[in-house]
Amino acid sequence: MLVILSGASGSGKDTIKNELLKRDSNITTLPSYTDRPIRATDVAGITYEFVSTQEFENMINNNELYEYSVHHNHYYGTSKVLLNEKLAQNKIIVKDIDVNGTENLEDLLKNDIKIVTIFLRVDKQELRRRLESREDKLDEKEIQLRLNRFDYEESKIGIYDYIIRNYDLEKTVNIVMEVIKNECK
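Here the structure is a predicted model, which means the values were calculated and not measured.

**Student:** I'm lost on the environment of Gly-77 in this one. Help?
**Tutor:** Relative to the elements of secondary structure, Gly-77 occurs in strand S6 (residues 74-79). In the structure, Gly-77 is positioned 28 residues away from Glu-49 in sequence and 9.7 Å away in space, judged by C-alpha atoms. Those residues in contact with Gly-77 that lie beyond four places of it in its chain are Ser-32, Tyr-33, Phe-56, Leu-65, Glu-67 and Tyr-68.

**Student:** Would you mind going over the pattern of salt bridges with me for this structure?
**Tutor:** Side-chain pairing between opposite charges can occur once the charged atoms of the two side chains come close. Scanning the entire structure with this criterion turns up 18 salt bridges. One salt bridge connects Asp-96 with Lys-17, and the closest N-O pair in it is separated by 2.9 Å. With Asp-96 in strand S7 (residues 92-96) and Lys-17 in helix H1 (residues 13-23), the pair connects residues that are 79 residues apart, well separated along the chain. Using a relative accessible area of 12% as the deciding quantity, one classes Asp-96 as buried. With a closest N to O distance of 2.9 Å, Arg-128 and Glu-132 form a salt bridge. Taken together, the residues Arg-128 and Glu-132, both in helix H5 (residues 124-132) and four residues apart, mark about one turn of the helix. Given a relative accessible area of 24%, Arg-128 falls into the partly exposed group. Residues participating in the shared-partner salt-bridge network are Glu-19, Lys-22, Arg-23 and Glu-170.

Rules used in this analysis
Residues numbered from 1 in each chain as written. Predicted model: local features only at pLDDT ≥ 70, side-chain atom pairs only at ≥ 80, totals over all residues. Heavy atoms only, no water. Helix = DSSP H or I, 4+ residues; strand = E, 2+ residues; numbered from the N terminus. Contact = heavy atoms within 4.5 Å. Salt bridge = Lys/Arg side-chain N within 4 Å of Asp/Glu carboxyl O. Buried < 20%, exposed > 50% of the residue type's maximum accessible area, 1.4 Å probe, protein only.

Right, here's the structure in full:
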């Protein structure tokens, strides 16, 4: 089963995913490939698979990605090889991805694997606060770039199976765990 976590930048996708990984050994993650610079808080191979822009474009040209898009001025994409390796492990795969990636993966894979989509909602003011207080210290231009995408991301919530307001980490993790448990039945 593939569980997709989406939401605007700062909605808590990565935090929720990391908590799920800690709490259930049957859950694994599927990092996206990206050409964005690695940050101090990133763990290569866990947060993302980091490649150069040229390497990413080679992956596109060689048809190595199920989907890819550009947002926040960088490429992000899902590797066919990585996803297929994870599926072979028979674990629950949790992937955080933007709304475009969600649509693309669902269109491509819905007949082959079970996909559960979850959108994490946070209001715009809270999102700004989270972006301003991040460990990786985004500058105002980067914060604005992410906030500018907020309305677009929110406009896509109708494609999701579940919409969860993420204001309390423990409560949100418990809800997501319950969703996964119920969807596995």
